[in-house]
2 protein chains.
Amino acid sequence: MKAYKDLAPSPRTIMTPGPVEVDPRVLRAMSYPILGQFDPEFTALMNETMSMLRLLFKTENEWAFPVDGTSRSGIEAVLVGIIEPGDKVLVPIYGRFGHLLTEIAGRCGAEVVKLETEWGTVFTEEEIVSAIREHQPKLVALVHGETSTGRIQPLAGIGQACRETNALFVVDAVATIGGIEVATDQLLIDAVIGGTQKCLSVPAGMAPITYNKRAEAKLQSRKRIERGLLLADGDDDPLLRPIQSNYLDLSQLQDYWSPARLNHHTEATSMLYALREGLRLVLEEGLDERFARHREHEGALIAGLEAMGLRLYGDPSCKMTVVTCIEIPAGVDGESVRSMLLDHYGIEIASSFGPLKGKIWRIGTMGYSCSKRNVLLTLGALEAVLLRHGHSLEAGKALQAAMDVYGM
Amino acid sequence: MKAYKDLAPSPRTIMTPGPVEVDPRVLRAMSYPILGQFDPEFTALMNETMSMLRLLFKTENEWAFPVDGTSRSGIEAVLVGIIEPGDKVLVPIYGRFGHLLTEIAGRCGAEVVKLETEWGTVFTEEEIVSAIREHQPKLVALVHGETSTGRIQPLAGIGQACRETNALFVVDAVATIGGIEVATDQLLIDAVIGGTQKCLSVPAGMAPITYNKRAEAKLQSRKRIERGLLLADGDDDPLLRPIQSNYLDLSQLQDYWSPARLNHHTEATSMLYALREGLRLVLEEGLDERFARHREHEGALIAGLEAMGLRLYGDPSCKMTVVTCIEIPAGVDGESVRSMLLDHYGIEIASSFGPLKGKIWRIGTMGYSCSKRNVLLTLGALEAVLLRHGHSLEAGKALQAAMDVYGM
């Protein structure tokens, strides 16, 4: 039999827009022995995680818990629970992950109305609000931060427009949660999905979500139907269809996370330990302090990149602090640069998707990876690798510019 | 702000039918720093995991990989990919998890045909084969080991009957994989779902699956339809419906696990480390040796329980080696016994579900928890706690009987 060697991952400085480096305290939390899923010690940890998620999402919602899957499992859980076949769903798209929302909504049977804008920009409040009034959707699903283009969509005014038209408002905050404010209640967002492997610096494998009473009412109405009526009567009215997933059925998941602890899946113990520790780290740092840290290191990174003569991609007025997109200079093989950085410096940066593939690099400054050390090491390495690829630049300026920002 | 304390789980001897104790080597694997999902070092670990899963499932199938979710996410991924709305699905039910298969199949739009037998027993080959010939289902879904009743369903002959009627044969081996042989290819099983948190002794959060070319053909046929035809034509023929989940779409997941590495979710790095290490442990021990170990400790446990005067539940001819069900003696409060064991001995045993709730205890002997030490500690503690509950038994005999089995 082939020998499978001891695990020995090489050290990496991970400067992609996720997954990013995991805080050593989170790694250590996962190495603790597990508890049974109904052990009172474990359910206490589950409840603490819910409390901390409420603070993270800035919400008073009763329901704030992780779905046991990667980020898109949380998106699908929310959409499959709320969307009934035939429901009109409005999705403003300004990058790849908007398209993902339409893909998931479509599979839930939605009549999807797409609102598209040029990649590298976002929508004005007026554009989205007008579309809501025009199309009168049952649900508006919107990406808060698009890692594919590095843009952030302002959310003000949209929740109010949804209330006025009786639509539900769902926000994909996978890329922003823990790095940029997500003011769930203040913005009248009915359901939010966060990601673990980006600004929370917890490994992929859980999707923290929160939703309010408006969203819950929809879930509960479908739960009643599931319990016998439909199957007994053979009624196949599409408007009465139960939630089409069992694994991602939020009406069941919330029973599992409620004091009733109705059995559903077996909670992913070690990932829950990890998420809890990641949330403790966020709250110990302080949300505002954490957001400020992300802005500070973004500033140093940008100063260094521009001093190197590189051009940033996209409309600067809607740049997301936690992702910086760089136009690959003419004549430079972007993938070759990435490989040299990874193979010889142990530093990972990202390419992008679709129309931007091969045109931009993306550097994340997220969570534990968002540090002075990482920014300085990345700038120095990128400069050297660009020079090695024959790209002309004035050596040494990038790090001096970054150090200026840091006041060193 | 409320202080959330350092993680400090109490030591536990977990003798439930899952989740069970995790091997320290697996816990340590999760504490290693992560790699990016497309880092060549990480994709090599993914490929190694696939190779080891093939050995575990005893299959030559190309596709053997984990779904990023707990066990039932793997069950749903297989069923939602293979079942088209209106398909007839036969589910023989001999415990709770058979009902789960009908629940999931029903949400996929299946016309479910249930074959039920008394809990505590299983089906004969003839009963299942006759039902297949009578109902001519498109799919037969069957639980291999029912943790709710502690029974194991013999699988011989069923795969052959499915081939003869052109049905697909899906087996839920969540409870057996890694503890009892699952001979995928020899038994002509088209898709198998395993669990991590039972006999593999890896935390919950991943669902290893495998499927063959017959199952893949079904997935691929639906994938083609999804790519434009249906949506373009507005055709809503239920037989042409695409896979209704994005997160659990195996046709996309297999592209992610293929050399093409088409982007889907972000693989759950630390859980993948854990699964890989758990599989290494299984293969180092040897499958046959591991199955024999599970039989040995079951034997000692049963000898001890019977020497204590306790009665085992269910038909002994179909008892599953890795779970032992015990009738709660008359006059004893089963939940009080379980609480005293957990709170004062740090030992967890399980109750059961539905009609068996309050009637039986269930003790698992699974994976890392399946050890001489754990069996002896559990027997000694159970005896003392039963005496403390006023139950009459001859003290000391249980451990002597178990030690006899061990040849001490």
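Residues numbered from 1 in each chain as written. Chains lettered and ligands numbered in written order. Predicted model: local features only at pLDDT ≥ 70, side-chain atom pairs only at ≥ 80, totals over all residues. Heavy atoms only, no water.

As named in an unreviewed UniProt entry, chain A is (S)-ureidoglycine-glyoxylate aminotransferase, taken from Paenibacillus endophyticus. UniProt, in its Sequence similarities (unreviewed entry) section for chain A, records the words "Belongs to the class-V pyridoxal-phosphate-dependent aminotransferase family." (UniProt positions renumbered as here; feature names shortened; annotations may be inferred.)

Novice: Even after reading the chapter, I still don't get the pattern of salt bridges, so can you show me in this structure?
Specialist: Pairs may arise between side chains of opposite charge once their charged atoms sit close together. Evaluated as defined, the whole model comprises 53 salt bridges over all chains. Residue Lys 319 of chain A pairs with Glu 298 of chain A through a salt bridge whose shortest N-O separation is 2.7 Å. Highlighted residues: Lys 319 of chain A in the loop between α11 (287–307) and β11 (323–327) and Glu 298 of chain A in helix α11, separated in sequence by 21 residues. For Lys 319 of chain A, a relative accessible area of 16% gives the class buried. Of the charged contacts in the structure, one is a salt bridge between Glu 277 of chain B and Arg 280 of chain B, with a shortest N-O distance of 3.0 Å. Here Arg 280 of chain B and Glu 277 of chain B lie together in helix α10 (residues 269–285), a separation of 3 residues that amounts to about one turn. Given a relative accessible area of 4%, Glu 277 of chain B falls into the buried group. On the basis of relative accessible area, Arg 280 of chain B is assigned to the buried category, the value being 7%. The network of salt bridges with shared partners includes Asp 6 of chain A together with Arg 25, Glu 277, Arg 280 and Glu 284 of chain B. (Salt bridge = Lys/Arg side-chain N within 4 Å of Asp/Glu carboxyl O. Helix = DSSP H or I, 4+ residues; strand = E, 2+ residues; numbered from the N terminus. Buried < 20%, exposed > 50% of the residue type's maximum accessible area, 1.4 Å probe, protein only.)

Novice: What am I meant to see in the packing of aromatic side chains here?
Specialist: We describe a pair of aromatic rings using the distance from one ring centre to the other and the angle between the two ring planes. All names here are of chain B. Applying the stated criterion across every chain yields a total of 16 aromatic pairs over all chains. Aromatic side chains Trp 63 and Phe 65 sit 6.4 Å apart centroid to centroid with 80° between the ring planes, which places their arrangement in the edge-to-face category. For Trp 63, a relative accessible area of 7% gives the class buried. Plain terms: the ring middles of Tyr 256 and Trp 257 are 6.5 Å apart, the flat faces sit at 80° to each other, and that makes the pair edge-to-face. (Phe/Tyr/Trp six-rings, centres within 6.5 Å; stacked < 30°, edge-to-face > 60°.)

Novice: Just to check I follow, could you spell out the relation of the copies chain A and chain B for this structure?
Specialist: Copies of the same chain, two in number, are related to each other by a rotation about an axis and a translation along it. Of the two same-sequence chains, chain A is brought onto chain B (RMSD 0.0 Å, axial shift 0.0 Å) by a rotation of 180°. Each copy turns onto its partner about a two-fold axis. Relative to the rotation axis, the closest C-alpha in chain A is found at Gly 69 of chain A, a distance of 2.4 Å. Here 100% of the contact residues of chain A are again contact residues in chain B; the copies associate through an equivalent surface. (Least-squares fit on C-alpha atoms with pLDDT ≥ 70 in both. Contact = heavy atoms within 4.5 Å.)

Novice: Could you clarify how one ought to interpret the sheet that holds strand β4 (residues 111–116) of chain A in this entry?
Specialist: The strands making up a sheet associate through hydrogen bonds between their backbones, and the pairing can be parallel or antiparallel. Residues and elements named next belong to chain A. Reading across the sheet, the 7 strands line up as β2-β10-β9-β8-β5-β3-β4 and stay open at both edges, with mixed pairing between neighbours. In the strand order of this sheet, the two ends are held by β2 (63–67) and β4, each with one partner. Pairwise comparison of adjacent strand axes, ignoring direction, gives a mean angle of 20° for this sheet. Across 6 bridges, the pairing between strand β3 (residues 88–93) and β4 is parallel. Within β4, the residue paired with Leu 90 across the bridge is Val 113. Packing against the sheet, helix α3 (residues 71–82) makes contact with β2, β5 (139–143), β8 (168–173), β9 (191–194) and β10 (207–211), and its axis sits at approximately 160° to β9. (Pairing = 2+ DSSP bridges. Axes fitted to C-alpha atoms, helices over the stretch in contact; angles between N-to-C directions.)

Novice: I tried to follow helix α3 (residues 71–82) of chain B on my own but got confused; where do I start?
Specialist: Since there are 3.6 residues in each turn of an α-helix, residues three or four apart along the chain are aligned in direction. For α3 of chain B, spanning 12 residues, the distance from its first C-alpha to its last is 17 Å, which sits close to the expected 16 Å at 1.5 Å a residue. Within α3 of chain B, burial applies to Ser 71, Arg 72, Ser 73, Gly 74, Ile 75, Glu 76, Ala 77, Val 78, Leu 79, Val 80, Gly 81 and Ile 82 of chain B. (Expected span 1.5 Å × (residues − 1).)

Novice: What's the story with the nonpolar core in this structure? I'm lost.
Specialist: Soluble globular proteins: nonpolar side chains tend toward being buried together. Membership of the largest hydrophobic core comes to 198 residues, with the highest contact counts inside it found for Leu 79 and Leu 250 of chain A together with Leu 79 and Leu 250 of chain B. Setting aside residues up to four positions removed in sequence, Leu 79 of chain B forms contacts with Leu 101, Ile 104, Ala 105, Cys 108, Leu 139 and Val 170 of chain B. (Core = buried A, V, L, I, M, F, W, Y, C linked by side-chain atoms within 4.5 Å.)

Novice: Quick question: what am I supposed to make of the environment of Leu 399 of chain B here?
Specialist: All names here are of chain B. Here Leu 399 is to be found in helix α14 (residues 397–406). For Leu 399 and Met 308, which are 91 residues apart along the polypeptide, the C-alpha to C-alpha distance reads 8.9 Å. Apart from the residues lying within four places of it in its own chain, the contact partners of Leu 399 are Leu 376, Leu 379 and Gly 380.

Novice: Just to check I follow, could you spell out the UniProt feature "binding site: substrate" (unreviewed entry) in chain A for this structure?
Specialist: Residue and element names in this part refer to chain A. Listed under "binding site: substrate" (unreviewed entry) in the UniProt record, and renumbered for this structure, are Arg 362. Its location among the elements puts Arg 362 in strand β13 (residues 360–364). If near-sequence neighbours (up to four positions away) are discounted, Arg 362 is found in contact with Met 15, Pro 17, Thr 147, Ser 148, Val 323, Thr 324, Cys 325, Ile 349, Ala 350, Ser 351, Ser 352 and Phe 353. Side-chain polar atoms of Arg 362 contact the backbone oxygen of Thr 147, separated by 2.6 Å. (Polar contact = N/O pair within 3.5 Å; in protein donor to acceptor, adjacent residues only side chain to side chain.)

Novice: Would you take a moment to explain helix α2 (residues 40–57) of chain B for this structure?
Specialist: All names here are of chain B. With 18 residues, α2 extends 26 Å from end C-alpha to end C-alpha; this agrees with the ideal 26 Å at 1.5 Å per step. When we look at burial in α2, the residues that qualify are Phe 42, Thr 43, Leu 45, Met 46, Glu 48, Thr 49, Met 50, Met 52, Leu 53, Leu 56 and Phe 57. Buried residues belonging to α2 abut β2 (63–67), β9 (191–194), β10 (207–211), α9 (250–257), α10 and α11 (287–307). In the stretch just after α2, Lys 58 is the one whose phi turns positive, near 50°.

Novice: What is the right way to look at the domain arrangement of chain A in this model?
Specialist: Accessible area lost on assembly of the parts is the figure often given for the size of an interface. Residues and elements named next belong to chain A. Domain assignment breaks chain A into domain 1 (23–282) and domain 2 (287–406). Just the C-alpha atoms count here: the centres of domain 1 and domain 2 sit 31 Å apart. Contacts between domain 1 and domain 2 engage 31 residues on the former and 26 residues on the latter. At the boundary of domain 1 with domain 2, total buried surface from both sides reaches about 2200 Å², with 64% on carbon and sulfur atoms. The tally of links from domain 1 across to domain 2 stands at 0 salt bridges. For the pair domain 1 and domain 2, the interface holds 12 residue pairs in polar contact (both at pLDDT 80 or more). Listing elements by their share of the side of domain 1 that touches domain 2, those giving two or more residues are α2 (40–57), α4 (96–107), β6 (145–146), β7 (151–152) and α10 (269–285). (Domains from an automatic or database assignment. Buried area = accessible area lost by both parts, 1.4 Å probe.)

Novice: Is there a simple way to explain the interface of chain A and chain B in this structure?
Specialist: Tallying the contact residues gives 71 residues for chain A and 71 residues for chain B. When chain A packs against chain B, close to 6200 Å² is buried across both sides, 56% of that on carbon and sulfur atoms. When the area that chain A buries against chain B is broken down by residue, the three leading residues are Tyr 4, Leu 7 and Arg 107 of chain A, summing to 14%. Put simply, chain A and chain B have 8 salt bridges between them. For Asp 39 of chain A, the salt bridge goes to Arg 12 of chain B, with nearest N and O atoms at 2.5 Å.

Novice: Sorry, what's going on with the sheet that holds strand β5 (residues 139–143) of chain B here?
Specialist: Residues and elements named next belong to chain B. In spatial order, the strands read β2-β10-β9-β8-β5-β3-β4; together these 7 strands make up an open sheet with mixed pairing. On the outer flanks of this sheet lie β2 and β4 (111–116), each paired with one strand and no other. Adjacent strand axes in the sheet meet at a mean angle of 20° when their direction is disregarded. Contacts from α2 reach β2, β9 and β10 within the one sheet, and its direction differs from that of β2 by about 105°.

Novice: Just checking my understanding: could you explain the pairing of strand β8 (residues 168–173) of chain B for this structure?
Specialist: A regular strand places its side chains so that they alternate between the two faces of the sheet. All names here are of chain B. With 6 of 6 residues buried, β8 is to be regarded as a mostly interior element. Where β8 lies against β9, 4 bridges are found, and the strand directions are parallel. Each residue of the ladder has a partner; that of Asp 172, found in β9, is Ile 193.

Novice: Can you walk me through the confidence of the model for chain A in this structure?
Specialist: When pLDDT drops low, the exact placement of atoms in the prediction is not to be read closely. Residue and element names in this part refer to chain A. Averaged over all residues, the pLDDT of chain A equals 95, while 95% of them reach at least 70. A low-confidence stretch, residues 225–239 stays under pLDDT 50, and its non-local contacts, those more than four residues away or across chains, total 17 contacts. For this predicted complex, the interface confidence score (ipTM) comes to 0.96, while the overall pTM stands at 0.96. (pLDDT = per-residue confidence, 0-100.)

Novice: How should I be thinking about the environment of Val 129 of chain B in this particular structure?
Specialist: Residue and element names in this part refer to chain B. Residue position: Val 129 is located in helix α5 (residues 125–135). Judged by relative accessible area, which is 6%, Val 129 ranks as buried. Considering only alpha carbons, one finds Val 129 and Ala 161, 32 residues apart in sequence, at a separation of 6.0 Å. Discounting residues that sit within four places of it in the chain, Val 129 has contacts with Gly 157 and Ala 161.

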